[in-house]
Amino acid sequence: FYTGFLKGTLKKPLNDPYDVDSFLVSISQKFILPMEIKEKFPGTSGNEQFFGIDAGRVMMLLRLCVPNDTNAIYLIRELNQQGNFIKWKYITLSDIIMTSSWNLQAGGPGMGGQSTQTIRLPYSLFREFNRREISEDSLREIGSLPKDVKGIAKHFSDSIKERFQT
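Given the structure is predicted, the values throughout are model-derived calculations rather than measurements. (Residues numbered from 1 in each chain as written. Predicted model: local features only at pLDDT ≥ 70, side-chain atom pairs only at ≥ 80, totals over all residues. Heavy atoms only, no water.)

Caption draft 1: Region of interest: the packing of aromatic side chains. Summed over all chains, the structure comprises four aromatic pairs. Consider the rings of phenylalanine 51 and tyrosine 123, whose centres lie 5.5 Å apart with planes at 45 degrees: the pair is tilted. Taken together, the residues phenylalanine 51 in strand β4 (residues 48-54) and tyrosine 123 in the loop between β8 (115-122) and β9 (127-128) connect sequence positions 72 residues apart. We note that phenylalanine 51, like tyrosine 123, is buried. (Phe/Tyr/Trp six-rings, centres within 6.5 Å; stacked < 30°, edge-to-face > 60°. Helix = DSSP H or I, 4+ residues; strand = E, 2+ residues; numbered from the N terminus. Buried < 20%, exposed > 50% of the residue type's maximum accessible area, 1.4 Å probe, protein only.)

Okay, here's the thing in structure tokens:
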């Protein structure tokens, strides 16, 4: 459906099909947000907790979102070390773009058996995914990738100005 929409309606060239786990549709905002859904537990390095995310999946989401001027959601079904469900956590594609250090690390084997490249994102960047997150008000805030990236950059700029003003 989505590839057909991008090719047929938006006339965007996409040579290969995409494995998108789900879509979040905002009728009022006219956004179709792709969702990548994974089941994992946080890794640790010293006192820091993090989630490792496959860089290839981020690139796939970017290729879908940029021509459609929409954001994406990376949703995690968080487990504990014993495999028991804890809660749903998420991060937007715009947050991944703006907060990742982009130091790629070797990941596990991908679905095709090839090695993957992984980025680490601090656990604290992931928000709890609940009913409010899929409300039209929330989708209005995060729906547009360029708008959300600009908002994150402005927030960062404002915090730097505050820190260094005397």
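Caption draft 2: Inspection of a nonpolar patch on the surface at higher detail. There is a patch of nonpolar side chains on the surface, built from Phe23, Val25 and Ile27 and spanning about 290 Å² of accessible area. Within the secondary structure, isoleucine 27 is located in the loop between β1 (22-26) and β2 (31-40). The exposed category is assigned to isoleucine 27, whose relative accessible area is 66%. (Patch = residues over 30% accessible without salt bridge, like charges linked within 9 Å, V, L, I, M, F, W, Y side chains within 5 Å. Areas by Shrake-Rupley, 256 points an atom, 1.4 Å probe, with all protein chains shown as cover. Salt bridge = Lys/Arg side-chain N within 4 Å of Asp/Glu carboxyl O.)

Caption draft 3: Quick peek at the pattern of salt bridges. Evaluated as defined, the whole model comprises six salt bridges. Between lysine 38 and glutamate 36 there is a salt bridge; the shortest N-O distance is 3.0 Å. With its nearest N and O atoms 3.4 Å apart, the salt bridge here joins glutamate 141 to arginine 132. A relative accessible area of 48% places glutamate 141 in the partly exposed class. Taking relative accessible area as the criterion, arginine 132 reaches 44% and is therefore assigned partly exposed. The network of salt bridges with common partners includes Glu36, Lys38 and Arg57.

Caption draft 4: Local environment of the side chain of threonine 92. Mapped onto the elements, threonine 92 comes out in strand β6 (residues 85-92). Threonine 92 gets classed as buried once you look at its relative accessible area, which sits at 0%. When near neighbours in sequence (up to four residues on either side) are disregarded, threonine 92 contacts Asn71, Ala72, Arg127, Ile142 and Asp148. (Contact = heavy atoms within 4.5 Å.)

Caption draft 5: Layout of the layout of surface pockets. In this model, the second largest pocket occupies a volume close to 270 Å³. Taken together, 14 residues line the second largest pocket, and the ones lying closest to its centre are Asp95, Arg127, Ile142, Asp148 and Ile152. Here the element with the most residues in the lining of the second largest pocket is helix α5 (residues 145-164); it accounts for four residues. (1 Å grid on protein atoms, 1.4 Å probe; cavity = no way out; pocket = protein on both sides within 12 Å on 5 of 7 lines; lining within 4 Å. Points joined across faces, edges and corners; volume = space filled by probe spheres on them.)

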